[in-house]
Amino acid sequence: MTHYLVLSALLFTIGAVGFTLRRNAIIAFMCVELMLNACNLSLIAFSRMHGNLDGQLFAFFVMVVAAAEVVIGLAIIVMIFRTRRSASVDDANLLKF
Amino acid sequence: MNPLLTPLETATPVAATGVTAWAWLLIAVPLVSAGVLLIIGRAGDRWGHFLGTLASLVSAGLAVTIFVTMLGLPTEGRSQSVHLYDWISGGNWTIPLGLQVDQLSVLFCLLITIVGSLIHIYSIGYMAHDPRRRRFFAFLNLFIAAMLLLVLADNYLVLFFGWEGVGLASYLLIGFWQERPSAAAAAKKAFVINRVGDMGMAIAISLMLATFGTVTFSGVNAAAAEASPATITLLGLLLLWGACAKSAQVPLQAWLLDAMEGPTPVSALIHAATMVTAGVYLVTRSHEIYAHTEWASTAVVVIGTITLLAGAWIGCSKDDIKKVLAGSTMSQIGYMMLAAGIGPAGYAFAIFHLVTHGFFKANMFLGAGSVMHAMDDDVDMRHYGGLAKYMPITFATFGAGFLAIIGFPFTAGFFSKDHIIEAAFEHNQVIGILALVGAAVTAFYMTRLMLMTFGGKKRWRDDVHPHESPLVMTIPLILLGIASLGGGLLLNNWIGGWLQPAVGGGNVEAHAPSLIAGFASPIGWITLAVVAIGVIIAFVFFGPRKDIPEVAPATRNPLTVAGRHDLFGDAFNDAVVVRPGEALTRGVLAVDRGGIDGAIHGFVGLLGGLSVVVRRLQTGYVRSYALVMVVGAAVLGGVLVLTQLS
């Protein structure tokens, strides 16, 4: 049981650190997915531990949301790349004070 | 005996029948005419003055019909009420829009409509060359309608409505020549001072609603006896406050002299014969209130006495013919107020003097208008002189008014003013002596006016050609002149008994007026003597052989200086009301700018400064946002874990 949670925490940390350190939008995007899936893992682990299906149900929700997010997020990244010839998240910094 | 202790019950009105039920037409006809004249525009320029005069004449005819009908009724049926509809009803209050046609209001109706009609006719000639004559007649009709509403109302709120209506008409007519800054300012001044008085009226009406729950005359009269002395005194003083502004009594007198900026027929109708007497009407109508409060009725007497002397004083020192007459109007209304304050014994005399004053003062104002007409609108009496030869009709009619106002035997003022002076002596010796002094001064300044205008040598410039006015102007003058001479004789034996049921005159018999009233008592003889002294003094100073300088001689005599400055009424208002008001305004403005605005602006500035700092956090870098979120989530988690542990 603990192993699952430790793995989940590791995956989440990798995702979070990757998101904050990498500039490439695709990589950042993959890091977000990694964090979501780390959460899924812990949800399923807890579901197993408590012996009910609530956690699994939540995992499905997360997957659906993640799929929708991928569709939109990828489309945005493609649009940004087309207009700026760059996929760096630091280049898209116009929305500020 | 003290007349204050024996107020008779006044008759309660009965529902009107016959022609009296149509009394609302008195008001409606001139009102509709005013509306038509104002709406129709230029199209009515050629016949507008005829419509206006016709409307006034129709009202006069109706008033006479109602009066004659009333003469045929028994005394207890003469007071009639016409209920039109419930105006305001809410909670426990129902305020009807009703008319009360009784002995008092019908007299006023006659005065307003008949003198009003004569002045309408006169104005056709006087305003013939004015491009806005139609509008002038519309305003005159509006005034007639409002004044009739004022005197016919059966409750204080409807009376107040008419009260405001005449105030509006007065404003419009004083400022009729609005292109003159002085006329515009005078109109504004009259309006503002009247608002001050209206405040007293409004508070009085509110007080009636709060304590009595009704504002009808009959309701208030019935409730007045049971009200607490404080309430009734306050009510009396508040009504007097309102009356002071409308009737130009001290201390709210300052507007009347400036109101002479209006066309002369306006001065005759509104500022001499009718509107300014509304205050006397109000006091007379509220007789039941004053019957129960010694304080307030004494205040009425004192204010009346002060005003009659102040007005006479001003009248002595002015060279402007209209201002002399305006001062005299103040003074005569002071006499009426004095009589009205004396109580039941005086009401009939107040109204008697009011009616005769309506005749002779309207006559003299119209005469003054006729003189001005002849002298190219010059109002300075020092530029007149010797006009009797050139304007015989005006001279004769003005002379009739003159004899009436000084109280020459058997003219109108002889009867009405003598009664007041006698009643004043009976009330209080000091007041009586002051009233007597007023009579002497009146004789002096009116003689002065006559001598400077019609007597002596001619002093006008060569390019002025005095001429008699056209018939349309002289016929009203002649009719009013006849009324000035004969009106007193006609009404003297009749008016006390006629009015007694409406105003509750307790002891008519004690004052049983007779043809020889003026000669019957020593006071009558004394009055005649002081009047003669006044006339003689005027002859000594302004007699036919005297040279009267073109400009008023400079003087240091404090009496003259004060009189020429309207007894410093404006300076007084300035110092007591205007300056403190301005200072208060400035103070409030400073508090508003510094305090309230300052607090709000300071807070806004603070928020603005903060936001300049805080918005720097929005860098646009997604990764730094993410870092903040991660750190924040970590801190939150840490806090949760730590609190869970402890």
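Residues numbered from 1 in each chain as written. Chains lettered and ligands numbered in written order. Predicted model: local features only at pLDDT ≥ 70, side-chain atom pairs only at ≥ 80, totals over all residues. Heavy atoms only, no water.

Novice: Can you break down the overall build of chain B residue by residue, with the values?
Specialist: A count of helices and strands for chain B gives 25 helices and three strands. Relative to its full complement of 646 residues, chain B shows a buried share of 56%. Look at the contacts in chain B between residues 6 or more apart in sequence, and 81% of them connect residues 24 or more apart. Charge separation in chain B, taken as the distance between the mean sites of 35 positive and 36 negative side-chain charges, equals 11 Å. (Helix = DSSP H or I, 4+ residues; strand = E, 2+ residues; numbered from the N terminus. Buried < 20%, exposed > 50% of the residue type's maximum accessible area, 1.4 Å probe, protein only. Contact = heavy atoms within 4.5 Å. Lys, Arg positive; Asp, Glu negative; His and termini not counted. Charge placed at Lys NZ, Arg CZ, Asp CG, Glu CD.)

Novice: Lay out the overall build of chain A with the relevant residues and their values.
Specialist: Within chain A, the secondary structure is distributed over three helices and zero strands. From first element to last, N terminus to C terminus, chain A shows the α and β order α-α-α. Its C-alpha radius of gyration of 16 Å places chain A more than 25% over the 13 Å reference for a compact globule of 97 residues. For chain A, the residues scored as buried account for 29% of the 97 residues in total. For chain A, contacts bridging at least 24 residues in sequence account for 58% of all contacts bridging at least 6. Just so you have it, chain A exposes about 6,700 Å², and 74% of that area is on carbon and sulfur atoms. (Rg over C-alpha atoms; globule rule 2.2 N^0.38 Å. Areas by Shrake-Rupley, 256 points an atom, 1.4 Å probe, with all protein chains shown as cover.)

Novice: Describe in detail the pairing of strand E2 (residues 80-90) of chain B, supporting the description with residues and values.
Specialist: Residues and elements named next belong to chain B. Where strand E1 (residues 14-15) meets E2, two bridges bridge the pair, whose relative direction is parallel. Paired with Ala-15 across the two strands is Ser-81, which belongs to E2. In this structure, E2 lies alongside strand E3 (residues 93-101), joined through nine bridges in antiparallel fashion. The residue bridging Gln-80 from the neighbouring strand is Val-101, located in E3. Where E2 folds back on E3, the antiparallel hairpin that results is connected by two residues, among which Gly-91 adopts a positive phi of roughly 60 degrees. (Pairing = 2+ DSSP bridges.)

Novice: Give me the packing of helix H15 (residues 344-374) of chain B against helix H17 (residues 412-427) of chain B: which residues, what numbers.
Specialist: Residue and element names in this part refer to chain B. With their axes 9 Å apart at the nearest point, H15 and H17 run at an angle of 150 degrees to one another. Comparing their axes, H17 and H15 come out roughly antiparallel. As H15 packs across H17, the resulting crossing turns out to be left-handed. On H17, the residues touching Phe-349, Phe-352, His-353, Thr-356 and Phe-360 of H15 are Ala-412, Gly-413, Phe-415, Ser-416, Lys-417, His-419, Ile-420 and Ala-423. Classifying every residue of the contact of H15 with H17 gives seven nonpolar, five polar and one charged. (Axes fitted to C-alpha atoms, helices over the stretch in contact; angles between N-to-C directions. Parallel < 35°, antiparallel > 145°, perpendicular 65-115°, else oblique. Left-handed = near helix turned anticlockwise from the far one by under 90°. Nonpolar A, V, L, I, M, F, W, Y, C, P; charged D, E, K, R; others polar.)

Novice: Any details on the packing of aromatic side chains? Residues and values, ideally.
Specialist: All names here are of chain B. All chains considered together, the criterion is met by 19 aromatic pairs over all chains. Positioned over the ring face of Phe-176 is Arg-132, at 5.1 Å from the centre of the ring. Sitting over the ring of Phe-191, Arg-195 keeps its end group 4.1 Å from the ring centre. (Phe/Tyr/Trp six-rings, centres within 6.5 Å; stacked < 30°, edge-to-face > 60°. Lys NZ or Arg CZ within 6 Å of the ring centre and 35° of its normal.)

Novice: How would you explain the packing of helix H18 (residues 429-454) of chain B against helix H22 (residues 522-542) of chain B if you had to name every residue and give the values?
Specialist: Residue and element names in this part refer to chain B. Between H18 and H22, the least distance of the axes is 7 Å, while the angle of their chain directions is 35 degrees. Crossing of H18 over H22 shows right-handed handedness. Only Ile-526, Thr-527, Val-530, Val-531, Gly-534, Val-535, Ile-537, Ala-538, Phe-539 and Phe-542 of H22 make contact with H18, whose side of the interface consists of Leu-436, Ala-439, Ala-440, Ala-443, Phe-444, Thr-447, Arg-448, Leu-451 and Met-452.

Novice: Can you tell me about the interface of chain B and chain A, naming the residues and giving the values?
Specialist: On the chain A side, the residues contacting the twelve residues of chain B number 13 residues. Across the interface of chain B and chain A, roughly 1,100 Å² is buried in total on both sides, 62% from carbon and sulfur atoms. If you sort the residues of chain B by the area they bury against chain A, B:Gly620, B:Tyr621 and B:Arg623 come out on top, with a joint share of 49%. A salt bridge links A:Asp90 to B:Arg623; the nearest nitrogen and oxygen atoms lie 2.7 Å apart. Counting the contacts that link chain B with chain A gives three residue pairs in polar contact (both at pLDDT 80 or more). (Buried area = accessible area lost by both parts, 1.4 Å probe. Salt bridge = Lys/Arg side-chain N within 4 Å of Asp/Glu carboxyl O. Polar contact = N/O pair within 3.5 Å; in protein donor to acceptor, adjacent residues only side chain to side chain.)

Novice: Can you tell me about helix H14 (residues 321-342) of chain B, naming the residues and giving the values?
Specialist: With 22 residues, H14(B) ought to run about 32 Å at 1.5 Å a step, and its terminal C-alpha atoms sit 32 Å apart, in line with that. A positive backbone phi angle near 115 degrees is found at B:Gly343, which sits one or two residues after H14(B). (Expected span 1.5 Å × (residues − 1).)

Novice: Account for the side chain of B:Asn573, naming residues and giving values.
Specialist: Structurally, B:Asn573 can be placed in helix H24 (residues 569-614). Setting aside its immediate chain neighbours within four residues, B:Asn573 contacts B:Ile193, B:Pro251, B:Ala254 and B:Val578.

Novice: Help me get a handle on the side chain of B:Gln249, residues and values and all.
Specialist: All names here are of chain B. Summarising the element assignment, Gln-249 is placed in the loop between helix H8 (229-246) and helix H9 (254-258). Among the polar contacts made by the side chain of Gln-249, one reaches the side chain of Thr-307 at a distance of 3.3 Å. Setting aside anything within four residues of it in sequence, one finds Gln-249 in contact with Cys-244, Ile-303, Gly-304, Thr-307, Met-330, Ile-333, Gly-334 and Met-337.

Novice: Any chance you could break down unusual backbone geometry for me, citing the residues and the numbers?
Specialist: All names here are of chain B. Here the amide bond leading from Val-250 into Pro-251 is cis, since omega sits at 10 degrees, within 30 degrees of zero. Topologically, Pro-251 is positioned in the loop between H8 and H9. One non-glycine residue, Ala-248, lies in the positive phi region at around 55 degrees. Position of Ala-248 among the secondary structure elements: in the loop between H8 and H9. Notably, Asp-376 is not glycine yet its phi reads approximately 55 degrees, a positive angle. One can find Asp-376 in the loop between H15 and helix H16 (392-406).

Novice: I'd like a rundown of the pattern of salt bridges, residues and numbers included.
Specialist: Within this structure, the stated rule accounts for 14 salt bridges over all chains. A salt bridge links A:Asp90 to A:Arg23; the shortest N-O distance between them is 3.2 Å. In this pair, A:Asp90 is assigned in the segment after helix H3 (54-84) and A:Arg23 in the loop between helix H1 (2-21) and helix H2 (25-50), connecting sequence segments 67 residues apart. Put simply, B:Asp574 and B:Arg579 hold a salt bridge, and the shortest N to O gap is 3.5 Å. Of the residues examined, B:Asp574 reaches a relative accessible area of 30% and is grouped as partly exposed.

Novice: Can you explain the environment of B:Met70? Please cite residues and give values.
Specialist: All names here are of chain B. Here Met-70 is to be found in helix H2 (residues 48-71). The buried category is assigned to Met-70, whose relative accessible area is 2%. For the pair Met-70 and Ala-412, spaced 342 residues apart in the sequence, the C-alpha separation amounts to 24 Å. Beyond its immediate stretch of four places on either side in the chain, Met-70 contacts Arg-78, Val-101, Asp-102, Gln-103, Val-106 and Trp-498.

Novice: Any details on the sheet that holds E3(B)? Residues and values, ideally.
Specialist: In spatial order, the strands read E1-E2-E3 (chain B); together these three strands make up an open sheet with mixed pairing. Looking along the sheet, the strands with just one partner apiece sit at the ends: E1 and E3 of chain B.

Novice: Please provide a residue-by-residue account of the state of the cysteines, values included.
Specialist: Residue and element names in this part refer to chain A. Per the counting criterion, the structure on display carries zero disulfides over all chains. Free cysteine: Cys-39, not disulfide-bonded; nearest cysteine sulfur from Cys-31 at 14 Å. With a relative accessible area of 31%, Cys-39 lands in the partly exposed category. (Disulfide = S-S within 2.5 Å.)

Novice: How would you sum up the environment of B:Thr442? Please name residues and give values.
Specialist: Residue and element names in this part refer to chain B. Positionally, Thr-442 belongs in helix H18. The spatial distance from the C-alpha of Thr-442 to the C-alpha of Thr-474 is 26 Å, given a sequence separation of 32 residues. Non-local contacts of Thr-442, meaning those with residues more than four positions away in its chain, are made with Ser-331, Gln-332, Ile-405, Ile-406 and Lys-417.

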